[in-house]
Amino acid sequence: MSTVELIKKYYENFNAKNFEGMISLLSDDVVHDTNQGSRSQGKDVFRSFMKDMDRCYDESLTDLVIMTNEQGTRASAEFVIHGVYKVTADGLPPANGQKYILPVGCFFDIKGGKIARVTNYYNLNDWLRMVS
């Protein structure tokens, strides 16, 4: 599978809420950098993160554009996330079904045909304005 196909499959699984499908595309020691947050490592930590995200947010993405280097070892994706804030997340404003639409960027390292790093970025201040 090419790097573009790998990243596309990752996001197809995201939109289908098939989080185990997403996790199957990750290396065992995947590094996950959350937006303006901490770095974590490993599939189990990623799985826990996705469960918490699914509990608090209902999200899908559109307008996916994937870019890679010539070797296929690095990739980036840009897309628009459409979401509903369902349940209040720790340290964030109260949730009451607020809808949001937000551009997002993500960066990847690819090793051995698996995603070895996922680094997400979006404008947190814009999101906070949409849900406050």
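Please read all numbers here as calculations on a predicted model, not as lab measurements. (Residues numbered from 1 in each chain as written. Predicted model: local features only at pLDDT ≥ 70, side-chain atom pairs only at ≥ 80, totals over all residues. Heavy atoms only, no water.)

**Here we look at the overall build of the protein chain**
Okay, so step 1: Broken down by element type, the protein chain carries 4 helices and 6 strands.
Okay, so step 2: The N-to-C order of helical and strand elements in the protein chain reads α-α-β-β-α-β-β-β-β-α.
Okay, so step 3: C-alpha extents for the protein chain along the principal axes are approximately 45 × 30 × 25 Å.
Okay, so step 4: Here the protein chain holds 132 residues, and 40% of them are scored as buried.
Okay, so step 5: For the protein chain, long-range pairs separated by at least 24 residues make up 56% of all intrachain contacts whose partners lie at least 6 apart in sequence.
Okay, so step 6: When the accessible surface of the protein chain is split by element, carbon and sulfur atoms take 51% of a total near 7300 Å².
Okay, so step 7: Taken as two groups, the 15 positive and 17 negative side-chain charges of the protein chain have centres that lie 2 Å from each other. (Helix = DSSP H or I, 4+ residues; strand = E, 2+ residues; numbered from the N terminus. Buried < 20%, exposed > 50% of the residue type's maximum accessible area, 1.4 Å probe, protein only. Contact = heavy atoms within 4.5 Å. Areas by Shrake-Rupley, 256 points an atom, 1.4 Å probe, with all protein chains shown as cover. Lys, Arg positive; Asp, Glu negative; His and termini not counted. Charge placed at Lys NZ, Arg CZ, Asp CG, Glu CD.)

**Focus: the pairing of strand S5 (residues 98–111)**
Okay, so step 1: Examined bridge by bridge, strand S4 (residues 74–85) and S5 share 12 bridges and lie antiparallel to one another. The residue bridging Phe 79 from the neighbouring strand is Val 104, located in S5.
Okay, so step 2: Where S5 lies against strand S6 (residues 114–122), 8 bridges are found, and the strand directions are antiparallel. If you follow Asp 109 over to S6, its bridge partner there is Arg 117. (Pairing = 2+ DSSP bridges.)

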